[in-house]
Amino acid sequence: MPARRACRSLSLPCHAQLEMMLSHLLYTLQDPSPSSRAKTVKMLAGIVRADPDVLRLQNMTRAVQIALQDSSIAVREATLDLLGQYISSCPEYADYYYDTIVKRLSDPGISVRKRVIKILRDLLAKLPTGARAVDMCCRLVSRVTDEEEVHKLVIRTFQELWFSPPASETDKLARDDVAARCEQMVGVVAAAGTTAQRNGWLQQLLSRLLELPEASKPSKEMAVVLKVCERLVAQMMDTLLQLEEQRGSGKADEKLEERMGNTLHALSLFCNARPRLMLHHVGLLPHFLKNESNNGVIQHTCQMLPPLLQLLERPPSDLLNNLETFLTAIIFRVPEDLIGVAIPALCMAIHCSLNFQLLVETLARFFDFLLRWKQMDPNQAKPKAAAAKRAMLCLGMLCRHFDFDSPSAASVARSPDGSTLSVEGKVNEQVFQLLGAFVSSANPPDIALYALKGIGQMCVRVPELVERCKNLITRVLQPEADLKLKRQALSNLLILLDDDGARQRAAAKASHPMASPTKPATPAVAEMSAKVNGALQQHLPAILASMLDYRDPLVRHAALSLTSALLREGLTHPMKALPKVTIYPSIHVV
């Protein structure tokens, strides 16, 4: 009888027993042995391969959730393998387990995180225009600072997704495919924000992909990548023009303005890596300078202009005229953080057009205004204090990015009241003396702060001024000095050091294109570097002491950043800085 009942049970359809058998199998996930639980998950994977819809069953969903939180890395990884097979065969059902999968990106197990990255990569490859495509890219970006294995996998994933050529050499990238890649890239840039630290990985990826080899001839692989990048840049420019049309037709809103800024940001990353990719579109850039209300658009447009103008042998006169008109107006109106990108762009445009008179007149306007503002009654001067601060900052930046002491800059400019101002030789000296007068302790701290900012910019071009500022820097680095002035002095020294390093690398590369970046630069550059290093050494004790300024964490951070740069350049012995760096984390504001 038992045998007969068994035979009758076996004659029942197998699918009628499925849920019962599956329940028995899922029960083994509670086995205390990790290896047994891992084997159970692998057995479930075989069932899923035969029928992916099994994963939609309620008890299966609950079991997967539990398995992904298992204490064993092997069990969690096997569960993700199971889900990966399901999604690979049915990507349209990815939403069902999407949130569950992406949570494992923060898993302590490296192999688990790598498996999640591979699942997301497969999803992006199959559904590049999916609703979650940008979110998946942003999730991947969040792991770019992980261990080296994970970091390399993330970088390789983006390299394959964004810059891979068509499967066949005879094929061309479909327009929808290019648009999807651009949408993902702009979304990632938007999520990362504007800080260089958060976008540094993407800039490094582009630079590595587009860096010209030593033979100066692009390889076959690089030529293919360049073609893909050209398509991406062209698609982003088309998107920008469409957004501009919508904006012109009165459909502008906050999201549209933000998208324009993010798209230009993505283009600026391409431009930094290989400016020639943007050279064909440089004529369209002045148009975006009209959008003064969008800080992102102005910032990234101005950042792209200097490297692009350097590549143009004969820039069109219309292009230069438009740039001069827009950029000259911009520096009088945009916020302070945009002045730092607008003035270098203006100076580069002037270098190309040789219209030195315009730049001299601009400098004269700021100089004349400060002279008159200095003589004003306090009640009259107060309403114009903001304009005076802008003038101080602009004077310093203009002197940094253009050599007004050169014979070609000598000219006569007219001030707003119609009087003539002769600008000839020793312009830097006159500007330095004027700004130095505002840094004295007799002036309000906010005025002295902007004068100090202007002087810091001037010192980049004329390092000799740092020695003349010795007493000023010593005063503002005192323990009891004003916090904002102290922080600005530290920032000035860091800018000076960074620019000196960049100047040495550029000089070494220009004189020895195939040489190492550490090869000594020309004597003139070496002499300037010696002046910078000497000035920094004089203030080293005060810089190190500023790391322990309990009054303001921003001062301590500025001192730490400067100390890190000094150590990197070999300008201080680690044993001098180590005691202060060790104490740094324990300092609290009281």
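Caption draft 1: Broad picture of the overall build of the protein chain. Along the protein chain, the regular secondary structure elements total 30 helices and two strands. Counting the 590 residues in the protein chain, one finds 46% classified as buried. For the protein chain, the computed accessible surface area is about 29,900 Å², with 55% contributed by carbon and sulfur atoms.

Caption draft 2: How the structure looks around the nonpolar core. With 185 residues, the main nonpolar core has Trp162, Phe163, Trp201, Phe270 and Trp373 as its most contacted residues. Apart from the residues lying within four places of it in its own chain, the contact partners of Trp162 are Cys137, Arg181, Gln184, Met185, Val188, Trp201, Leu202, Val228 and Leu232.

Caption draft 3: Region of the structure containing the pattern of salt bridges. Under the counting rule described, the total for this entry stands at 29 salt bridges. A salt bridge links Glu149 to Lys114, with the shortest nitrogen-to-oxygen separation between them at 3.2 Å. With Glu149 in helix 9 (residues 148-163) and Lys114 in helix 7 (residues 110-126), the pair connects residues that are 35 residues apart, well separated along the chain. Among the charged side chains, a salt-bridge network with shared partners connects Arg113, Arg143, Asp146 and Glu147.

Caption draft 4: Structural detail: the environment of Phe326. Within the secondary structure, Phe326 is located in helix 17 (residues 317-330). Judged by its relative accessible area of 21%, Phe326 is partly exposed. Not counting chain neighbours up to four residues away, the residues in contact with Phe326 comprise Pro286, Leu289 and Lys290.

Caption draft 5: Quick peek at the packing of aromatic side chains. In this structure the tally under the stated criterion is nine aromatic pairs. On the numbers, 6.4 Å between centres and 70° between planes, the contact of Phe163 with Phe270 is edge-to-face. Here the residue Phe163 occupies a position in helix 9, and Phe270 occupies one in helix 13 (residues 254-273), the gap between them amounting to 107 residues. An aromatic cluster of at least three residues, connected via ring pairs, comprises Phe158, Trp162, Phe163 and Phe270. Sitting over the face of the ring of Tyr450, Lys453 holds its NZ or CZ atom 4.3 Å from the ring centroid.

Caption draft 6: Here's a closer look at helix 4 (residues 58-67). If you check which residues of helix 4 are buried, you get Met60, Thr61, Ala63, Val64 and Ala67. For helix 4, the angular spread of buried residues about the axis comes to 165°, placing them on one side. Exposed side of helix 4, more than 90 degrees from the buried face: Gln58 and Ile66 are the residues found there.

Caption draft 7: The arrangement of unusual backbone geometry in detail. Located in the positive-phi region is Leu354, a residue other than glycine, with phi close to 65°. With respect to the helices and strands, the residue Leu354 is situated in the loop between helix 18 (336-353) and helix 19 (356-374). By relative accessible area, which is 57% here, Leu354 ends up exposed.

Caption draft 8: The arrangement of the environment of Glu480 in detail. Assignment of secondary structure puts Glu480 in the loop between helix 25 (470-476) and helix 26 (483-511). You can call Glu480 exposed: its relative accessible area is 60%. Put simply, Glu480 and Asp549 are 69 residues apart on the chain and 9.2 Å apart in space, counted from C-alpha to C-alpha.

Caption draft 9: Representation of the environment of Lys42 in the model. Along the chain, Lys42 turns up in helix 3 (residues 34-50). When its relative accessible area of 57% is taken as the criterion, Lys42 is described as exposed. In the structure, Lys42 is positioned 37 residues away from Thr79 in sequence and 7.8 Å away in space, judged by C-alpha atoms.

Caption draft 10: Quick peek at the side chain of Thr100. Topologically, Thr100 is positioned in helix 6 (residues 98-103). At 3.2 Å, the side chain of Thr100 and the side chain of Gln65 are in polar contact. Once residues within four sequence positions are removed from consideration, Thr100 is found in contact with Gln65 and Leu68.

Caption draft 11: Layout of the side chain of Gln184. In this fold, Gln184 is placed in helix 10 (residues 175-192). A distance of 3.0 Å separates the side chain of Gln184 from the side chain of Trp162, its partner in a polar contact. Once residues lying within four places of it in the same chain are set aside, the contact partners of Gln184 are Leu124, Pro128, Ala133, Val134, Cys137 and Trp162.

Caption draft 12: Looking closely at the packing of helix 5 (residues 73-89) against helix 7. At a closest axis distance of 9 Å, the pairing of helix 5 and helix 7 adopts a crossing angle of 5°. Overall, the two elements helix 5 and helix 7 adopt an arrangement that is roughly parallel. Here Ile73, Arg76, Glu77, Leu80, Asp81, Gly84, Ile87 and Ser88 of helix 5 lie close against helix 7, whose contacting residues are Ser111, Val112, Arg115, Val116, Ile119, Leu123 and Lys126. Of the residues contributing to the contact of helix 5 with helix 7, the split by class is seven nonpolar, three polar and five charged.

Caption draft 13: The confidence of the model for the protein chain, seen in detail. On average, residues of the protein chain score 83 in pLDDT, and 86% of them reach the 70 mark or higher. Per-element mean pLDDT across the protein chain ranges from 38 in helix 1 (residues 2-10) up to 95 in helix 21 (residues 385-401). Between residues 1-12, whose pLDDT stays under 50, and residues either more than four places distant or in other chains, the model counts one contact. Below pLDDT 50 for its whole length, residues 514-518 participates in three contacts with residues either more than four positions away or in separate chains.

Calculation notes
- Residues numbered from 1 in each chain as written.
- Predicted model: local features only at pLDDT ≥ 70, side-chain atom pairs only at ≥ 80, totals over all residues.
- Heavy atoms only, no water.
- Helix = DSSP H or I, 4+ residues; strand = E, 2+ residues; numbered from the N terminus.
- Buried < 20%, exposed > 50% of the residue type's maximum accessible area, 1.4 Å probe, protein only.
- Areas by Shrake-Rupley, 256 points an atom, 1.4 Å probe, with all protein chains shown as cover.
- Core = buried A, V, L, I, M, F, W, Y, C linked by side-chain atoms within 4.5 Å.
- Contact = heavy atoms within 4.5 Å.
- Salt bridge = Lys/Arg side-chain N within 4 Å of Asp/Glu carboxyl O.
- Phe/Tyr/Trp six-rings, centres within 6.5 Å; stacked < 30°, edge-to-face > 60°.
- Lys NZ or Arg CZ within 6 Å of the ring centre and 35° of its normal.
- Arc of directions from axis to C-beta.
- Polar contact = N/O pair within 3.5 Å; in protein donor to acceptor, adjacent residues only side chain to side chain.
- Axes fitted to C-alpha atoms, helices over the stretch in contact; angles between N-to-C directions.
- Parallel < 35°, antiparallel > 145°, perpendicular 65-115°, else oblique.
- Nonpolar A, V, L, I, M, F, W, Y, C, P; charged D, E, K, R; others polar.
- pLDDT = per-residue confidence, 0-100.

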